[in-house]
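The lines below spell out each chain.
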Amino acid sequence: METQKLQAFVTVAATRSYTEAAEQLYTTQATVSKQILSLEKEWGVTLFSRAHHQVQLTVMGQELLPKVQAVLVAANDLSATITKQNESLKLMTIPSISGYRAFNQIASYHRLHPEVNLQMTEIENDAVERALSNDTADIVFTRLFAKSTLNVESCVSETDEFYVVLPKSSPLANQTTLEAADLADSDLLLLGESTYTYQPIQQLFNETGITPKITYKGQRIDLILGMISRGFGLSIMMKKTVDLTDYPDLTAIKLTPTVSSQLAFLRKTGTHSHASDSFWTFIQQK
């Protein structure tokens, strides 16, 4: 049984007019008439009396009306429940998101929209394209050193830049800025290629004609900070990803020339779910 027919019955009963019912339902009078006739044929009853150009409910129509109204209410409730259950948002973010305002943006959205089933997953930069193309993620939060070549919408949250993280006891710690040449003889502990921070650092050294002494590549910022604290070397990291609260013996100094990155939300160009559009509107306003 199609709910459109039931709605036509209820609307004609309320308006006592096929013409007005058609207007309210954004359809034609002929369509409404066909829907009512279809119901009457299906049920084997007459729902309306059309004597003297007046539309009146028959006795059977009066008896069936509250039952049909109840069915429509139940159908609407069912639809709302299904919609709510399907209101999910798959969001993938780089591991260092906690250092950026995007982390607070996501948290604020989650508090304001408890009806959205937020599913957050960690992802490295090198997996972003795959996650978007195969719909593993609705939206990703990632780092960009250049304009994305993907067919995506983007919303830039903020920018970040490279700093050198080193022990306060290092002779280099007395400088206000540091260049690649200053680090030529240092043991470098770097985040690996999958984070997309390794490549621009390597390029910076290549441009200065220096072969860096890379003694460690990994994925965990906290591990690298612990290694620096224990004298393994120093590192180059994005400033906002470094929290030195638990490392009072370390400091961070700006690397020059400045190498900046954008932190942005990305999603495929095209039609999106209500949850995706809701989140996209929210982050653009914050």
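Here, every reference points to the structure presented above.
As the structure is a prediction and not an experimental result, all values here were calculated from the model.

### Thoughts on the overall build of the chain
Argument step 1. Within the chain, the secondary structure is distributed over nine helices and twelve strands.
Argument step 2. The C-alpha radius of gyration of the chain comes to 31 Å, more than 25% above the 19 Å expected for a compact globule of 286 residues.
Argument step 3. C-alpha extents for the chain along the principal axes are approximately 100 × 35 × 25 Å.
Argument step 4. Out of the 286 residues in the chain, the part that is buried amounts to 45%.
Argument step 5. Across the chain, contacts joining residues at least 24 apart in sequence account for 74% of those joining residues at least 6 apart.
Argument step 6. When the accessible surface of the chain is totalled, it reaches about 15,600 Å², and 50% of it is carbon and sulfur.
Argument step 7. Positive and negative side-chain charges in the chain, numbering 24 and 30 respectively, have mean positions lying 5 Å apart.

### Quick notes on the pairing of strand E8 (residues 187–191)
Argument step 1. Among the five residues that make up E8, four are buried, leaving the element largely enclosed by the rest of the structure.
Argument step 2. The pairing of E8 with strand E9 (residues 213–218) spans five bridges and is parallel. From the neighbouring strand, leucine 188 faces E9, where its bridge partner is isoleucine 214.

### Examining the side chain of serine 235
Argument step 1. Relative to the helices and strands, serine 235 is located in strand E10 (residues 235–238).
Argument step 2. With a relative accessible area of 1%, serine 235 lands in the buried category.
Argument step 3. Engagement of the side chain of serine 235 in a polar contact is seen with the backbone oxygen of leucine 189, the distance being 2.5 Å.
Argument step 4. Not counting residues up to four positions away in its chain, the partners in contact with serine 235 are Tyr163, Val164, Val165, Leu189, Leu190, Ile224 and Ile228.

### Some details on the packing of aromatic side chains
Argument step 1. This structure, assessed with the given rule, holds eight aromatic pairs.
Argument step 2. Here the aromatic rings of tyrosine 100 and phenylalanine 141 are separated by 6.3 Å at their centres, their planes lie at 55°, and the arrangement is tilted. With tyrosine 100 in the loop between strand E3 (88–93) and helix H5 (101–112) and phenylalanine 141 in strand E5 (residues 139–144), this residue pair connects regions lying 41 residues apart in the sequence. Taken as a pair, tyrosine 100 and phenylalanine 141 share a single burial class, namely buried.
Argument step 3. Each member of the aromatic cluster is reached from another via a ring pair, and the members are Tyr100, Tyr109, Phe141, Phe265, Phe279 and Phe282.
Argument step 4. Lying across the ring of tyrosine 198, lysine 217 places its NZ or CZ 4.8 Å from the centre.

### Re the pairing of strand E6 (residues 152–167)
Argument step 1. Here nine bridges tie E6 to strand E12 (residues 260–268), and the two strands are oriented antiparallel to one another. What sits directly across from valine 152, in E12, is lysine 268.
Argument step 2. The sheet contact formed by E6 and E10 spans four bridges and is antiparallel. Within E10, the position partnered with tyrosine 163 by the bridge is methionine 237.
Argument step 3. As judged from the five bridges shared by E6 and strand E11 (residues 250–256), these two strands associate in the antiparallel manner. Residue pairing across strands places valine 164 opposite isoleucine 253, the latter belonging to E11.

### Re the packing of H5 against helix H9 (residues 274–285)
Argument step 1. Running from N to C, H5 and H9 point in directions that differ by 125°, and their axes come no closer than 10 Å. By the angle between their directions, the pair H5 and H9 is classed as oblique. In terms of crossing hand, the pair formed by H5 and H9 is right-handed. Facing H5, whose interface residues are Gln105, Ile106, Ser108, Tyr109 and Leu112, H9 presents Ala275, Ser278, Phe279, Phe282 and Ile283.
Argument step 2. Taken together, the residues that form the contact of H5 with H9 break down as seven nonpolar, three polar and no charged.

### Quick word on the nonpolar core
Argument step 1. With 41 residues, the main nonpolar core has Leu183, Ile236, Phe265 and Phe279 as its most contacted residues.
Argument step 2. Per-element accounting of this core gives the leading share, five residues, to H9.
Argument step 3. Ignoring anything within four residues of it in the chain, the contact list for leucine 183 reads Val164, Leu172, Leu178, Phe205, Leu234, Ile236 and Leu255.

About the thresholds
- Residues numbered from 1 in each chain as written.
- Predicted model: local features only at pLDDT ≥ 70, side-chain atom pairs only at ≥ 80, totals over all residues.
- Heavy atoms only, no water.
- Helix = DSSP H or I, 4+ residues; strand = E, 2+ residues; numbered from the N terminus.
- Rg over C-alpha atoms; globule rule 2.2 N^0.38 Å.
- Buried < 20%, exposed > 50% of the residue type's maximum accessible area, 1.4 Å probe, protein only.
- Contact = heavy atoms within 4.5 Å.
- Areas by Shrake-Rupley, 256 points an atom, 1.4 Å probe, with all protein chains shown as cover.
- Lys, Arg positive; Asp, Glu negative; His and termini not counted.
- Charge placed at Lys NZ, Arg CZ, Asp CG, Glu CD.
- Pairing = 2+ DSSP bridges.
- Polar contact = N/O pair within 3.5 Å; in protein donor to acceptor, adjacent residues only side chain to side chain.
- Phe/Tyr/Trp six-rings, centres within 6.5 Å; stacked < 30°, edge-to-face > 60°.
- Lys NZ or Arg CZ within 6 Å of the ring centre and 35° of its normal.
- Axes fitted to C-alpha atoms, helices over the stretch in contact; angles between N-to-C directions.
- Parallel < 35°, antiparallel > 145°, perpendicular 65-115°, else oblique.
- Left-handed = near helix turned anticlockwise from the far one by under 90°.
- Nonpolar A, V, L, I, M, F, W, Y, C, P; charged D, E, K, R; others polar.
- Core = buried A, V, L, I, M, F, W, Y, C linked by side-chain atoms within 4.5 Å.

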